[in-house]
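Observations on the model geometry
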Amino acid sequence: MLPLERGARQELLLRASVNGSGPILLMLDTGSSSALMLSSAYLDAHRSLADRPHSTAALGGVEGVQIVKTFTADKVSLGGLLTEAVPALALDRWASASTVGNIGMPLLGQFNIVLDVALGRLWLRPARLQARLPMLKDRSGLGLVASPTDLAVIHVAISSPAARAGWLIGERIVAVNGIAIDRSYIRGRLWQWRYGRAGDRIALRLADGTTRMLTLADYY
């Protein structure tokens, strides 16, 4: 059981340990598709990324797209329950004065949870492996925006497979592994191709008719 606290805007906060750090306050964000976000100021103050592989990603939000750092947290402890290899983002623009980061559904989805807001309590129990939400980790390095006809490249991550293969912002992908991009792209499973296993080779057909192969790899 974890006690919950309230932030300045009444957001729900809990204490967690990241990579063996002392307990830090993180916001409970059930609407976030990112497992873990931390402020760059906090990470810089603790030199957390100094000797750790990291890269970049495009993160969309109400304020538009911002480029953030990506890294993998070796371990995150919630109430003594440990989760390893957690994909994480580092944000330069962090508005909350109450916390240094937040925990999203992919990390919470590793557990069976009972949340009692009135009592300010969160109960966690490790979920069965088959029932856990996937903590998706990009292995392509392509930041994409989907339309009904294609995927537009809006970012190429530093030191990623896409960067090494010479991908450029503005290129448009019209098919993945022979399957054309259409309105069903984000409703099915095709969108998950970027999160496949290291070593998977993906055929990407561009708007000019050419096909380029991209080999997925861990780059952060």
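Description of the structure in this document. Predicted model only: the values in this text are computed from it and were never measured.

Turning our attention to the nonpolar core. Within the largest apolar cluster, 28 residues are counted, with the highest numbers of intra-cluster contacts made by L14, L36, L38, F71, L78 and I103. Counting residues per element, the ones that place at least two in this core are β3 (12–18), β4 (24–28), β5 (36–39), α1 (40–45), β7 (64–78), β8 (81–91), α2 (105–108) and β11 (121–126). With residues near it in sequence (within four places) discarded, L78 still touches L2, L14, A16, I103, F111 and L124. Core analysis: the next-biggest nonpolar cluster, separate from the first, contains 18 residues, L144, L151, I181 and L216 among them.

This part takes up the pattern of salt bridges. What the rule picks out here adds up to 8 salt bridges. With a closest N to O distance of 2.9 Å, R15 and E5 form a salt bridge. Within this pair, whereas R15 is found in strand β3, its partner E5 is found in strand β2 (residues 5–6), the two being separated by 10 residues in sequence. Overall, R15 belongs to the partly exposed group, its relative accessible area being 41%. Using a relative accessible area of 30% as the deciding quantity, one classes E5 as partly exposed.

A word on the side chain of T99. With respect to the helices and strands, T99 occurs in the loop between β8 and β9 (101–103). A distance of 3.3 Å separates a polar side-chain atom of T99 from the backbone oxygen of G101. The contact partners of T99, leaving out residues within four places of it in the chain, are L13, L25, L26, M27 and W94.

Here we come to the layout of surface pockets. Looking at the largest pocket, its volume works out to about 1,000 Å³. Residue lining of the largest pocket: 38 residues in total, with S33, S34, A58, R194 and Y195 positioned closest to the centre. The set of elements that each furnish at least two residues to the lining of the largest pocket consists of β5, β6 (54–61), β7, β8, β12 (142–146) and β13 (151–156). In terms of residue class, the lining of the largest pocket is built from 27 nonpolar, 9 polar and 2 charged. Roughly 520 Å³ of volume is contained in the second largest pocket. Along the walls of the second largest pocket sit 19 residues, with Q66, L91, R93, W94 and A95 positioned nearest its centre. Mapped by element, the contributors of at least two residues to the lining of the second largest pocket are β6 and β7.

As a further point, take the packing of aromatic side chains. Inspection of every chain in the model, using the stated rule, returns 2 aromatic pairs. On the basis of an interplanar angle of 75° and a centroid distance of 6.0 Å, the ring pair of W191 and Y195 is categorised as edge-to-face. With relative accessibility at 27%, the residue W191 sits in the partly exposed group. An angle of 80° between the planes, with centres 4.9 Å apart, marks the rings of Y219 and Y220 as edge-to-face. We classify Y220 as buried; its relative accessible area is 11%. The aromatic ring of Y220 is capped on one face by K137, whose charged end is 4.9 Å from the ring centroid.

Rules used throughout
- Residues numbered from 1 in each chain as written.
- Predicted model: local features only at pLDDT ≥ 70, side-chain atom pairs only at ≥ 80, totals over all residues.
- Heavy atoms only, no water.
- Core = buried A, V, L, I, M, F, W, Y, C linked by side-chain atoms within 4.5 Å.
- Buried < 20%, exposed > 50% of the residue type's maximum accessible area, 1.4 Å probe, protein only.
- Helix = DSSP H or I, 4+ residues; strand = E, 2+ residues; numbered from the N terminus.
- Contact = heavy atoms within 4.5 Å.
- Salt bridge = Lys/Arg side-chain N within 4 Å of Asp/Glu carboxyl O.
- Polar contact = N/O pair within 3.5 Å; in protein donor to acceptor, adjacent residues only side chain to side chain.
- 1 Å grid on protein atoms, 1.4 Å probe; cavity = no way out; pocket = protein on both sides within 12 Å on 5 of 7 lines; lining within 4 Å.
- Points joined across faces, edges and corners; volume = space filled by probe spheres on them.
- Nonpolar A, V, L, I, M, F, W, Y, C, P; charged D, E, K, R; others polar.
- Phe/Tyr/Trp six-rings, centres within 6.5 Å; stacked < 30°, edge-to-face > 60°.
- Lys NZ or Arg CZ within 6 Å of the ring centre and 35° of its normal.

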